[in-house]
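Single-letter residue listing:
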Amino acid sequence: MKIKLLDETTLEFKYIYPVRSWIVTDGDTVKVTLDQGFREWRIEEPLRFWNFDAPEAKAYKKHGDLMDLHKEAGLAAKACLVAYLYHFLDVCLRNGERTWELFAVSMELDGRGRSVGDLLLARKDEIDDHIRKPISLRNSMLRIGVGRLCPTKRREPWSREELEAVIAAHKAQGEPRC
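Remember, predicted model here, so these are calculated numbers, not experimental data. (Residues numbered from 1 in each chain as written. Predicted model: local features only at pLDDT ≥ 70, side-chain atom pairs only at ≥ 80, totals over all residues. Heavy atoms only, no water.)

Looking now at the nonpolar core. One finds L81, L85, L119, L137 and M141 to be the most contacted residues of the largest nonpolar core, which totals 33 residues. A total of nine residues in this core trace back to one element, the largest contributor, which is helix α1 (residues 67-92). Setting aside anything within four residues of it in sequence, one finds L85 in contact with W22, V24, V30, L102, L119 and L137. Judged by nonpolar contacts, the second largest core, of five residues, contains F13, W50, V116 and L120. (Core = buried A, V, L, I, M, F, W, Y, C linked by side-chain atoms within 4.5 Å. Buried < 20%, exposed > 50% of the residue type's maximum accessible area, 1.4 Å probe, protein only. Helix = DSSP H or I, 4+ residues; strand = E, 2+ residues; numbered from the N terminus. Contact = heavy atoms within 4.5 Å.)

Set out below in structure tokens:
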């Protein structure tokens, strides 16, 4: 399916499914329950945002002297993702009608078996052979500054300044906006 973004760029994803529930595991990974149609469901399918990196919500020894700061930044990124998903849900169910739909789109699998893609919010009346002008959760996280672009599969370590910027972005975020 092709998806036209707000900047008029068109992306093509291999798979697109309506999302029925989610569990946020990290600032860049969500486990989603997908409606595949014909009463078929994929439950807790891990989805990692494409070309996106957020600090880990768990502290590891590999983070060295930044371990505590890394965990704080990771929990801040995770909290932003949770807030945006609940905001998306509120938009989906506004006025008691389900006029918007949340979709998971996938391009490929990563080395750990997770789908790599995005979560998109789109108006139901704008869905046919294209999803026109969806709201990207990945782009929302980039816009507020709780993650960074990661165009390669190898992710660089986070610096102290980057981690502090993620924490500051979370504190300054306020109410999520689409």
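Counted by the stated rule, this structure contains two aromatic pairs. Taking the centre distance of 6.1 Å and the plane angle of 70° together, the rings of W22 and Y86 count as edge-to-face. Within this pair, whereas W22 is found in strand β3 (residues 15-26), its partner Y86 is found in helix α1, the two being separated by 64 residues in sequence. Y86 sits in the exposed class, given a relative accessible area of 52%. Ring centres of F49 and F52 lie 6.0 Å apart, and the angle between their planes is 75°; this geometry places the pair in the edge-to-face category. We note R148 situated over the ring of W158; from NZ or CZ to the ring centre the distance is 4.0 Å. (Phe/Tyr/Trp six-rings, centres within 6.5 Å; stacked < 30°, edge-to-face > 60°. Lys NZ or Arg CZ within 6 Å of the ring centre and 35° of its normal.)

In this model, helix α3 (residues 160-172) (13 residues) spans 18 Å end to end at C-alpha, consistent with the 18 Å of a helix rising 1.5 Å per residue. For α3, the full list of buried residues reads L163, V166, I167 and A169. One side of α3 holds all its buried residues, which, seen down the axis, span an arc of 160°. Every exposed residue of α3 that faces more than 90 degrees away from the buried side is listed here: E161, K171 and A172. (Expected span 1.5 Å × (residues − 1). Arc of directions from axis to C-beta.)

What follows concerns the environment of V24. Structurally, V24 can be placed in strand β3. Look at V24 and you get buried, because its relative accessible area is 11%. In the structure, V24 is positioned 61 residues away from L85 in sequence and 9.0 Å away in space, judged by C-alpha atoms. Not counting the four nearest positions on each side in its chain, V24 is found in contact with T29, K78, L81, V82 and L85.

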